[in-house]
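Structural overview for review
Each chain, written out:
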Amino acid sequence: MLVAASGFAVVTYVAPVIGWVQGGGGLLTTAWAMLAFGIGMNLGNLGAGWLADRAAVAAFWVAGGAGAVGACLLLVPGIGWAGAAAGLLLIGAMLGGGSPAGQVLFLRELRRFPRLASSMPSGTANLGSFVGSLAGAGLLAGVGPGALPYGALGLLGIGLLLFAVRGIRGPFFGADR
């Protein structure tokens, strides 16, 4: 949920973020930014879907890494339209790539939680969208658009840390079986 929240903290408020990253008069419009994000989501879904069938935990880590690199690119003021588009593409790859990996991992948990089969994947993504949008709104209102990539990295870091710790401690999202 926190990994998804990290992406939504940025993409929900993409217009102010790309304005801040590009500086005045940037060439990347909101429409082009969302196109880059959408391409990233599809590429992430395709690549991580292939990998998740073979190594779901690795696919989740790769998706998270893509999002981290994307958020880091958005921390560079004046990176220009290409850098901003690359950052959003990678954040899209994280959100699109986290989905197939998460679904495979959720399926593994059905033995323990059979009544959550239909609600766990979509509920987790929806809660991530809500938490990310809420966190992004607070950062945007309180600090400004330059804080959104930092917030995304914070949410992503906490999410990946919990994923790692939980995988070490028990079978929930543990090593690939």
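Above: the structure in question.
First things first, this report covers the structure right here in the doc. No experiment lies behind these values; they were computed from the predicted model shown. (Residues numbered from 1 in each chain as written. Predicted model: local features only at pLDDT ≥ 70, side-chain atom pairs only at ≥ 80, totals over all residues. Heavy atoms only, no water.)

**Focus: the overall build of the chain**
- When you go through the chain residue by residue, the secondary structure sums to seven helices and zero strands.
- Since a compact globule built from 177 residues should have a radius of gyration of about 16 Å, the 16 Å found for the chain is in line with a globular shape.
- Counting only C-alpha atoms and orienting by the principal axes, one finds that the chain spans roughly 55 × 30 × 25 Å.
- Buried positions account for 45% of the 177 residues belonging to the chain. (Helix = DSSP H or I, 4+ residues; strand = E, 2+ residues; numbered from the N terminus. Rg over C-alpha atoms; globule rule 2.2 N^0.38 Å. Buried < 20%, exposed > 50% of the residue type's maximum accessible area, 1.4 Å probe, protein only.)

**A closer look at helix H6 (residues 120-142)**
- Given a rise of 1.5 Å per residue, 23 residues ought to cover 33 Å, and the 32 Å separating the end C-alpha atoms of H6 matches this to within 8%.
- Along H6, the positions that sit buried rather than exposed are Met-120, Gly-128, Gly-132, Ser-133 and Gly-136.
- Looking at the residues trailing H6, positive phi occurs at Gly-144, about 125 degrees. (Expected span 1.5 Å × (residues − 1).)

**Describing the packing of helix H3 (residues 30-52) against helix H4 (residues 56-73)**
- At their nearest, the axes of H3 and H4 sit 7 Å apart, and the two run at 155 degrees to each other. When the axis of H3 is compared with that of H4, the two are roughly antiparallel. Across the interface between the two elements, Ala-48, Leu-51 and Ala-52 of H3 pack against Ala-56, Ala-58, Ala-59 and Val-62 of H4.
- When grouped by side-chain class, the residues that make up the contact of H3 with H4 number seven nonpolar, no polar and no charged. (Axes fitted to C-alpha atoms, helices over the stretch in contact; angles between N-to-C directions. Parallel < 35°, antiparallel > 145°, perpendicular 65-115°, else oblique. Contact = heavy atoms within 4.5 Å. Nonpolar A, V, L, I, M, F, W, Y, C, P; charged D, E, K, R; others polar.)

**Here we look at H3**
- Its 23 residues give H3 an end-to-end C-alpha distance of 31 Å, which sits within 8% of 33 Å, the value for a rise of 1.5 Å per residue.
- Taken together, the buried positions of H3 are Ala-33, Ala-36, Phe-37, Gly-40, Gly-44, Ala-48, Gly-49 and Ala-52.

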